Amino acid sequence: PPPLHSDPPLCKFLVTKVRSWRTGYQRIVSLHAHHFATVETESFVETNRYPYASVARLTALSGEDECILVEMSDGEKLKLRLTRRPELMTELLRLQASSAVEMAAKARGRTFLDGPVEEAGEDGKRAPSFHCVRRGRMGGRTLC
């Protein structure tokens, strides 16, 4: 794992990790730029780490108002109970999409600039867009 200071948590949620074979236990779900982790509540030791790319499905369980089911591509399932279910689901989906876009850009050798740039669309209205810079092997930069 990277050093703690290099990938600080973006937000944290207190959850109960529900297990079928015993009662649930509390964990902190810590959301980072490229992964999320479960953290022990007393010692603050990271117990599991999951890259967003490994999340296959995220489901709000209809019969259980405060539960979500996170299914991983390897078949592992996490059932979490918390009162702030919409916020956790929104952040997980947002960070998963953001991580996927960033990983795809890196694979193409591109880097996004820090924020949106206002540009006029075909209808003349201003709309936010992003510019990117392609970095070559020799350090050259090209707008794309």
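Use the structure listed above.
Below or above, wherever it landed, is the structure these notes cover. Since the structure is predicted, the reported quantities are computational estimates derived from the model, not experimental observations.

Attention shifts here to the sheet that holds strand β4 (residues 46-51). With respect to topology, 7 strands assemble into an open sheet ordered β4-β3-β2-β1-β7-β6-β5, the strand pairing being antiparallel. Edge positions in the open sheet fall to β4 and β5 (55-60), since each of these has one partner strand only. On average, adjacent strands in this sheet sit at an angle of 30° to one another, irrespective of strand direction. Bridging between strand β1 (residues 11-18) and strand β2 (residues 25-31) involves 7 bridges; their strand directions are antiparallel. Its bridge partner lying in β2, V15 is registered against R27.

Right, let's talk about empty space enclosed by the protein for a bit. If you walk through the whole model with that rule in mind, you get 1 cavity of 30 Å³ or more. Of the pockets and cavities examined, the largest cavity occupies roughly 40 Å³. Counting residues per element, the ones that place at least two in the lining of the largest cavity are β5 and α1 (85-107). Take the lining of the largest cavity: its biggest share by element is 3 residues, from α1.

Reading the values: rules and limits
Residue numbers here run from 1 along each chain, matching the order of that chain's written sequence. The predicted nature of this model means local features are confined to residues of pLDDT at least 70 and side-chain atom pairs, given and counted, to a pLDDT of 80 or more, with totals for whole chains, interfaces and linings taken over all residues. Calculated side-chain values reflect all of the structure's heavy atoms, with hydrogen atoms and water omitted. Criterion used throughout: strands pair if DSSP finds at least two bridges between them. Think of it this way: any DSSP run of H or I at least four residues long counts as a helix, any run of E at least two long counts as a strand, and we number them from the N terminus. To obtain each axis, a line is fitted to C-alpha atoms, and for helices this fit is confined to the stretch in contact; angles are then taken between N-to-C directions over 0 to 180 degrees. A pocket, in this scheme, is an open set of points on a 1 Å grid over the protein atoms alone with protein on both sides within 12 Å along at least 5 of 7 lines, while a cavity is a set where a 1.4 Å probe fits but cannot get out; residues line either one if an atom lies within 4 Å of a point. Grid points are joined across faces, edges and corners, and a volume is the space filled by probe spheres set on the points.

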